[in-house]
Amino acid sequence: MDLFCSIDTPDSARERVAELTRLIDKYNHAYYMEDTSLVSDFEFDALLRELMEMESKYPDLALPTSPTRRVGGEVNKTFRQVTHRFPMLSLGNTYSIEELEEFEARTRKLLDGVPFTYSCELKYDGVAVGLTYRHGELVQAVTRGNGTVGDDITSNARTIPTIPLRLRGNSPDDFEVRGEVVYPFEAFEAMNRQREADGDEPFANPRNAASGSLKLQNSAECAKRKLQFCPYFVMLPDGAERIGGLDTQVSMLGSLADMGFKVLPYTKECRAIDDIRFYIDFWDKERWNLPFGIDGVVVKVNQTTLWDRLGMTAKSPRWAIAYKFKAEQVSTPLEEVTYQVGRTGVVTPVANMRPVWLGGTTVRRATLNNADFMEKLDLRVGDWLQVEKGGEIIPKIVGVDLSQRQPDARPIAFTQLCPVCGTSLVRAEGEAGYYCPNQDGCQPQILGRLEHFVGRKAMDIETLGSERIRMLYEAGLVRTVADFYTLRREQLVGLGAQPQGEGEGGQATIQDKGAENILAAVEASKAVPFERVLYALGIRYVGEVGAKKLARHFKNIDALMAADIETLAMVEDVGDVTARTVYDYFQTPVHRDTVERLRAAGLRMEVEEHRTGSQLEGLTIVVSGVFQNFSRDALKQSIEQHGGKVGSSVSGKTDYLLAGDNMGPEKRRKAEKLGVKLLTEEDYIKMIS
Ligand code: IVH
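Note that the structure is predicted; figures quoted are calculated from it, not measured.

Draft legend 1. Molecular detail of the site of the ligand. Residues in close proximity to the ligand total 13 residues, the closest being Leu 91, Glu 121, Leu 122, Glu 180 and Tyr 232. At a separation of 2.7 Å, an oxygen atom of the ligand approaches a polar backbone atom of Leu 91. A distance of 2.7 Å separates an oxygen atom of the ligand from a polar atom in the side chain of Tyr 232. Protein coverage of the free-state accessible area of the ligand, which is 510 Å², stands at 92%. Broken down by secondary-structure element, the contributors of at least two residues to the shell around the ligand are strand E3 (118-124) and strand E10 (294-301). Broken down by element, the residue count for the shell around the ligand peaks at four residues, all from E3. Its residues placed into classes, the shell around the ligand shows eight nonpolar, one polar and four charged.

Here you go:
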C-alpha cells in the first residue's frame, strides 16, 4: 500500500481522480500532439475544474504529474542553480556549404568504410532545456545556462503542454530528454501586441521571449505564454539499460514520439551530400512557413552507436554540425523618412519603404536607429535600402544598394525640429542621436513618462492603460506622475463620455466601479519598493537594473539626490553618461518637486532591507572574482541579507575575502599579508545555509 495514502481519502475519490486524469491527459494529447479536439472547451474545462476541486479536497491525490499542474501557480523568486548531470554541449557552426562538405568528407574518412547515414533536422531557434524523467515522470527541467550549470525551471516547464508530465509506453528508468523551447510566431506576435498595449517593452524576437518566459517567477504567467517544446535528443546515464529504438537518431525521435513528445515530421535521413544540400535549400526557403523560428539545419550521423567512435573536439561533438542560414535580404526604395518621439525625448528616424515581401511578412517600415546610423548610410532621396530578416522577426536595414543610386540624389538631413512640438532638437556630445528637450511640453514625452510610471515593472497600476492615461491627460487631471496621487473619485467618474453626436469613443466611460478600481490601484502602488519607484521616474539611461544598483548603493532618495557625478559614476555599471544624466535630473527643480510630492503621497523613498538570516552578523566580507552560482551583485545582496557588510577593499577591518575565479593577485597578496581568511564560493554557501 502507498505509504502516503491518507485514511480520510475514500477509494471512490481516488478512482474519480484517476479517471479524470486519464481523460484530461487523453484530450490534451489529442489537442496538442495530434491537433485534434475530442471534446468541447466547455466539457474540457468542466473536467479540469472537477479535478482541481478534488485535488484541493484530497491533497494526497494531487500528484506533481497531474494535468492541473499545467495551469501553474507556483512562484519562484530565484531559480535554483543545477549542475547538469551531462554537460550541455553546443555544436560546431557553419554558414558555408564548403565547410559542410568538409564535415561530410571528414566524417566519412573517420568512419573508414563503416556504413552510416545522416539525420538532417531543423535547428530550432529557442532555448535549450534538459528534462529529467524518472520512472516515466518529469522530475526536473533545467536550462542550458553555461553548459555546466543551468537554472531549475521545472515549475514553468510543467506548464508547457508539449512537455509530457508522465511518459507513455516504454521509457528508460532514469534519463534526460534534450530539446528546445520555442515561441511560435503567432503567439509571440499576439503577446508582443499586448505588451505594447500595456506599455511594456516588446521582446526583440521569439528566442528572447522564450527565454524570458521560462524565467518568469510565477508559473501561471508562463502557462499563458503558449510555448512549445521540440525534442531532439536522449541522454542515458552510463550503464543504463538501453531500450530499443535508440540506435539511430531518426528512430530515437520515433521513440520520443511514442513516449508522448510532439516530434515534428521534418527530420530526414540522408545518404549523401547532395541530399543534405537539397534539405538545406528547401528549408532555407520554406522556413518562414513554419509556425516557429529555425535558424538553420542540424546534420548528425544517424547511427548513435558511432557517436563515441567519432568523439569530440575541444568544444563540440564530431558527429554533428549546425548549418546556419544567412539572413534573408531584399532591397526596396525608400519613400519617406518620418520621426518618432519616445518617452525620454529621443527622436528615432523611421524608413517608410515601398512594401516588400520578406521572410513571410510584408515589410513597410524599419527603424533607421539614429542620426549616426543615417549619416553612416549617407542616406539620399530615392535610395534603395537593403533590408534583412534573420532570427529576428523585426526587419533590419543593413545598407544602401548603391548600384541603384541616382548620381544627383540629394542627401537626407536629420530633422532639426521635433516632429511633434516643433522645438529645436539637441544632440549631446558623444551621443548617437538627437532628442527633444521640451520634456514638459512635448506630448509623446509626457504621455510616455506617465505610461512608463504605471507600467508593470514600475508602479504596476494595472487599471491605467495608455487610453485611460490619455483621457486623464486630455482632461487636464494628470500632467506629471505625482498627479496620479491627487486624483479624486468625482474627477474620474464620467470621464470619457462622448459629447452628443461625436460617435463612439475608443474607451468606455469611467463608472463608479472603474473609478474605485483606479484609486485602489493607485493606493496599492504606494507599497512598491524604492528601486521600482526610482525606475518609474523614467530617468534616461536608468533601466530596471540601473535603478536597482542605484537604490542598493545609496539606500535612499536623499543620498541619491545629494550625490555628485563622481560618486554616481562609482556605482557598479553606472557609466559617465548615466552619472551625468542622473545628476542633471535631480538638479532640475521640477524633478525635485515631483520627488517631494511623491514622498508626501507616501511612496517609498528608501530601500527596505530584507533580512533572511543573521549568519554573517558583524562580519565584513570583500568580494572579488567571478562566481559559478551568483553574479557579483547577487552575492553582495546575499551578504547584506544575511546581516554582513560588504567591504570595498581588503583592509584590517576585513574578516573574509570571498574569492571567485580570476581574482586579482594583488587582493590575494594583501589578504595573506593581513591574515584575512579566504572563502571559496562553497564555503560561503555553507556559511549562510
Ligand atoms: S543537437 C551536442 N539538434 O542548437 C549538442 N541541437 O549548438 C547536441 N539546437 O544549443 C545538440 N535544434 O540547443 C541539436 N535539432 C537540434 C537542434 C539543436 C536546435 C540547438 C541546441 C544547441 C545548439 C547547437
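More follows now that the structure is in view.
Draft legend 2. Quick look at helix H24 (residues 681-688). Burial in H24 covers these residues: Glu 681, Tyr 684 and Ile 688. In an axial view of H24, the angular spread of the buried residues amounts to 60°, which keeps them on one side of the axis. Opposite the packed face of H24, turned more than 90 degrees from it, sit the exposed residues Glu 682 and Lys 686. Here the buried face of H24 lies against helix H22 (632-641), strand E19 (656-659) and strand E20 (677-679).

Draft legend 3. View of the packing of aromatic side chains. A complete count under the given rule lists 22 aromatic pairs for this structure. On the basis of an interplanar angle of 45° and a centroid distance of 5.6 Å, the ring pair of Phe 233 and Trp 307 is categorised as tilted. One end of the pair, Phe 233, is in strand E8 (residues 228-235); the other, Trp 307, is in helix H10 (residues 307-310), with 74 residues separating them in the sequence. Of the residues examined, Trp 307 reaches a relative accessible area of 10% and is grouped as buried. When the ring of Tyr 266 is compared with that of Trp 283, the centres are 5.0 Å apart and the planes differ by 65°; the resulting orientation is edge-to-face. Residue Tyr 266 is located in the loop between helix H8 (249-259) and strand E9 (268-270), and its partner Trp 283 is located in helix H9 (residues 273-286); the two are separated by 17 residues in the primary sequence. For Tyr 266, a relative accessible area of 28% corresponds to the partly exposed category. For Trp 283, a relative accessible area of 7% puts it in the buried group.

Draft legend 4. Expanded view of the sheet that holds strand E2 (residues 93-94). Taken in spatial order, the five strands of this open sheet run E2-E11-E10-E3-E9, and their pairing is mixed. Both edges of this open sheet fall to E2 and E9, since each of them pairs with a single strand only. Direction of pairing for E2 relative to strand E11 (residues 320-324): parallel, over a ladder of two bridges. Note on E11: the bridge partner recorded for Thr 94 is Tyr 323. Here helix H3 (residues 97-111) sits on the sheet in contact with E2, E3, E10 and E11, set at roughly 170° to E11.

Draft legend 5. View of H3. Its 15 residues give H3 an end-to-end C-alpha distance of 21 Å, which sits within 8% of 21 Å, the value for a rise of 1.5 Å per residue. Contacts from the buried residues of H3 go to E2, E3, H9, E10, H10 and E11. Directly beyond the C-terminal end of H3, a positive phi value near 45° is found at Asp 112.

The rules behind each value
Residues numbered from 1 in each chain as written. Predicted model: local features only at pLDDT ≥ 70, side-chain atom pairs only at ≥ 80, totals over all residues. Heavy atoms only, no water. Near = heavy atom within 4 Å. Polar contact = N/O pair within 3.5 Å; in protein donor to acceptor, adjacent residues only side chain to side chain. Areas by Shrake-Rupley, 256 points an atom, 1.4 Å probe, with all protein chains shown as cover. Helix = DSSP H or I, 4+ residues; strand = E, 2+ residues; numbered from the N terminus. Nonpolar A, V, L, I, M, F, W, Y, C, P; charged D, E, K, R; others polar. Buried < 20%, exposed > 50% of the residue type's maximum accessible area, 1.4 Å probe, protein only. Arc of directions from axis to C-beta. Contact = heavy atoms within 4.5 Å. Phe/Tyr/Trp six-rings, centres within 6.5 Å; stacked < 30°, edge-to-face > 60°. Pairing = 2+ DSSP bridges. Axes fitted to C-alpha atoms, helices over the stretch in contact; angles between N-to-C directions. Expected span 1.5 Å × (residues − 1).

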